[in-house]
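Architecture at a glance
Listed below are the residues making up each chain.
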Amino acid sequence: MSLVIREIYLTVQIDGLTCASCVKRTQKALAEVPGVQQADVNLASESATLRFSGAADAVAVRDALDRAGYPARIDRAILNIQNMNCASCVGRVDKALAAVAGVLEVNVNLAAETATVTYLAGHVTAQELARTATQAGYPARLQDNATASSDAHDRKEAEASELARRVLFAAVLALPVFVLEMGGHMVPAFHDWIARTIGMQSSWIIQFTLTTLVLIGPGRQFYTKGFPALLRGAPDMNSLVAVGTAAAYGFSVIATFAPEILPQGTQAVYFEAAAVIVVLILVGRWLEARAKGRTGEAIHKLLNLQSKTATLMRDGDMVEIPVDQVQTDDTLLVRPGERIAVDGIVTDGESHVDESMITGEPLPVSKASGDEVVGGTVNTAGSFRFRATRVGADTTLAQIIRMVEQAQGAKLPIQGVVDRVTLWFVPAVIATAALTVLIWLLFGPAPVLSHALVAGVAVLIIACPCAMGLATPTSIMVGTGRAAEMGVLFRKGDALQALQGIDVVAFDKTGTLTEGRPEVTDIHLAGELGEDEVLRLSAAAESASEHPIAQAFLRAADARGLDLPAASEFASITGHGLRATVERRQVLIGADRLMIRENIDMQGLDATAADLGGAGKTPLYVAIDGKIAAAIAVADPLKPATNAAIAALHEQGLKVAMITGDNRATAQAIATRIGIDHVVAEVAPEGKVTALDTLREDGRKVAFVGDGINDAPALAHADIGLAIGTGTDVAIEAADVVLMSGDLRGVVNAFDISARTMHNIHQNLFWAFGYNTALIPVAAGLLYPALGMLLSPMLAAGAMALSSVFVLVNALRLRRVRPVLSETDTPARGRSPAPHPAPAQ
């Protein structure tokens, strides 16, 4: 007998292939991937075809290409998934999509009813992924990103309205059934009255008729979805409801029309159980649909910020056009009270703009010529014109919406545990129900069959794992949405959980802890040249630099009315300073390490510099023609909220570090004043990554907060990177979390909303798992030997519905989270504001 090995082919699109040597290196890297039998790389099509002996490992292929320097092209598709009702549905959709060759990652969100799939471009398409989910029993279609969030909101509202109608219809039909049967059990006189008037058989026929209408009408979906899933060997919540109600209904039909089939003494009807179970579960789904719509409220609010029209200035005339027709460099007019259509730069006029929905800051911001404005914000007073710089999907608001959607669709590590449990949960429940029926039939008291039926149905109904599937995604959706409203954007959803493992928060100093606008405060001379002459030559040398300190020199020279000569032979010395030629004189400006490197005698200025550093100022040395000329001190004032933010982080149990290029004495003086725990000073820009590794000693997890281009490597290298939103695009792209306001209160609020969301998730999971763990044994009859009590299937249905509603309502509490630090907070809690050197006048 021969062994047949199934071969699988995988096609990958590759970036960076330019020549035959690229092909050779790529082919070699792919050939080393475990399981690859053959790798053929095509330069013309920029693709590779791989033959595997067994399953194709897309993740290993991607990693191999990344290491080789020729990354695979990655695509991402968002699918709208129908018929997902519980956590087991999520597991099956996830498993079906993950099994497709080329798929790298699958995130299925029950609350949003979506699946986000990341896959290798070239082998599979989004349409094929949609077909895969559909074939698994969950109809899927590709989401249109342009209208996705709006459509989802409208769809959930329509779903809630439809469910409300079905609940009303089912309740009207089920109420007489409940009254006829349960009324007779609870009130003996009522039972006797029915027997004397219409008779018990007529009562049962009425119940049969009304229950049949409930099951084939509002309850039909449970059977059309549940039984096919059961036959496929992939039972879900609908299967549990279908089997349970069908058992109660079928037993009752036999008792009504063919009682001779049943053992003597077991003739009873449970029409009311089947009808009321359907009503209660529909009520639960209606409440779920309403709550799901509210979980996406933040996205809906952001979408409502998008202006529909814009006033275009064309040849001196005002023309109102749809906002999607605005092009870059168009000049637009904004009147008082109007919403700004797109991002741009003010060219004429002055006003105040309410940016609260973008940044979380409540106070309107003054705008004048040259200032940036953001689409979606509101012009409160005054008219102005601005030039459009970003339109369509490139606007800040569009990017915010995209980031929030991605974060809301993320799967946190904690969700992986839930998925593994719930994938086998429903089959285990069906097995438990079958075992319960068997035990009652073998050992139960009379009427055995009735008791077995009640217990089995109760187990099936009460164990539906809806709450398990909703526990995590609903909290994520509400938490990240509320965070966005406070100006905190989670670019990567798993950062929400990862923030809770952080031990140290490291801040870049300039532009993050401080305003990023240093001013010259002191000039200490060491030679024959006067202050004005040293400042004139220094400012001239700095005029070719774009560094903030250079601007401080220029502002100081301008304040003294100095005319600056031209500089030549300018050279920036990274991490040290600069050199330039001014009026044929060699000017060298930088930190003490630059003077030491150039063997320049300090002439006692190092002691003066130590005093300046102790006062929280940054000393810089100026050497002219190889001789020390002066020590010039600059100071960068702290941002108003810095003290309060650091105090609040300490209250949350976090350590705070500062990474700076300043000399150690200056850095330590600032750190002592504002309560910094760790100081890493005299760090060149490329040394920030090494500084983070130093802070990681003893297994600590480190978050880094920065804003500049030179912070991007550190933001990416940190366990969690938080970028100040007023910083550069490069820094923002490298970060896990973006703080839109540029204020350090956002750091505190990010940690707080993360903690609250994770606590909320843990509450939901505890309830969901605890509920099933505690009530399945009760439903099976655990309390019967001691109390003679069986759990009614109707009560089981009510408890199951309430468990899902509890999870959703608990998640919605996150909408009421308030910022830890707001505009009204004092600069520090229990700490006086630190004094800062006054800028030179």
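All residue numbers refer to positions counted from 1 along the written sequence of the respective chain. Local features in this predicted model are restricted to residues whose pLDDT is 70 or higher, and side-chain atom pairs enter the listing and the counts only when it is 80 or higher, whereas totals over whole chains, interfaces and linings include all residues. Water and hydrogen atoms were dropped before computing side-chain values, which therefore reflect all heavy atoms in the structure.

By the naming in an unreviewed UniProt entry, the chain is Cadmium-translocating P-type ATPase, taken from Pontibaca salina. UniProt positions are given in the numbering used here, feature names are shortened, and annotations may be inferred rather than shown by experiment. What the UniProt record of the chain gives under Subcellular location (unreviewed entry) is the line "Cell membrane". What UniProt states about the chain under its Sequence similarities (unreviewed entry) heading is, verbatim, "Belongs to the cation transport ATPase (P-type) (TC 3.A.3) family. Type IB subfamily."

Basic side-chain nitrogens of Lys or Arg form a salt bridge, by our definition, when they fall within 4 Å of a carboxyl oxygen of Asp or Glu. For the structure on display, the rule yields 22 salt bridges. For R73, the salt bridge goes to E46, with nearest N and O atoms at 2.5 Å. Taken together, the residues span a long stretch of sequence, with R73 in the loop between helix 2 (58-68) and strand 4 (74-81) and E46 in the loop between strand 2 (36-42) and strand 3 (47-53) at a distance of 27 residues. Buried means the residue's accessible area, taken with a 1.4 Å probe over protein chains only, is under 20% of the maximum for its type, while exposed means over 50%, and partly exposed covers the values in between. Residue classification places R73 among the partly exposed residues on the basis of a relative accessible area of 26%. Between D532 and R560 there is a salt bridge; the shortest N-O distance is 2.9 Å. Here the residue D532 occupies a position in helix 20 (residues 531-542), and R560 occupies one in the loop between helix 21 (548-559) and strand 20 (567-573), the gap between them amounting to 28 residues. Residue R560 is classed as partly exposed on the basis of its relative accessible area, which comes to 35%. Within the structure, one salt-bridge network assembled from shared partners comprises D15, E46 and R73. By definition, any uninterrupted DSSP run of H or I lasting at least four residues is a helix, any uninterrupted run of E lasting at least two residues is a strand, and each is numbered from the N terminus.

Now for the sheet that holds strand 14 (residues 372-373). DSSP-based pairing: two strands are paired if at least 2 bridges between them are found. Taken together, 6 strands build an open sheet; the order of strands is 9-8-10-16-11-14 and the sheet is antiparallel. Of all strands in the sheet, those with a lone pairing partner are strand 9 (317-322) and strand 14, marking the two edges.

A few words on the UniProt feature "transmembrane region" (unreviewed entry) in the chain. The positions that UniProt labels "transmembrane region" (unreviewed entry) are, in the present scheme, residues 167-187, 193-216, 237-257, 269-287, 421-443, 449-472, 765-784 and 790-812. When the span residues 269-287 is considered, its composition is 89% helix and 0% strand, and the gap between its end C-alpha atoms is 30 Å. End C-alpha atoms of residues 790-812 are separated by 34 Å, and the span's content is 87% helix alongside 0% strand.

Another point: the packing of aromatic side chains. Note on ring pairs: Phe, Tyr and Trp rings are taken, using the six-membered ring of Trp, and paired if centres are within 6.5 Å. Classes follow the plane angle, with under 30 degrees stacked, over 60 edge-to-face and the rest tilted. Within the structure shown, the criterion is met by 10 aromatic pairs. Ring geometry for W767 versus F806: centroids 4.6 Å apart, planes at 35 degrees, classification tilted. Of this pair, W767 sits in helix 29 (residues 745-780) while F806 is found in helix 31 (residues 793-812), placing the two residues 39 residues apart along the sequence. Judged by relative accessible area, which is 33%, W767 ranks as partly exposed.

With that settled, consider the UniProt feature "domain: HMA" (unreviewed entry) in the chain. The UniProt record marks residues 8-73 and 75-141 with the feature "domain: HMA" (unreviewed entry), using the residue numbering of this structure. In residues 8-73, helix accounts for 35% and strand for 30%; the two terminal C-alpha atoms are 20 Å from one another.

A few words now on the packing of helix 16 (residues 448-462) against helix 31. Interaxial angle, 0 to 180 degrees, is taken between N-to-C directions of lines fitted to C-alpha atoms, where a helix line uses only the stretch in contact. Relative to each other, helix 16 and helix 31 sit at 5 degrees, their axes nearing to 8 Å. One finds that helix 16 runs roughly parallel with respect to helix 31. Here helix 16 contributes V454, V457, A458, I461 and I462 to the contact with helix 31, which in turn contributes P793, A796, A797, A799 and M800. Small angles under 35 degrees read as roughly parallel and large ones over 145 as roughly antiparallel, with 65 to 115 read as roughly perpendicular and the rest as oblique. Any two residues whose heavy atoms approach within 4.5 Å at even a single point are treated as in contact.

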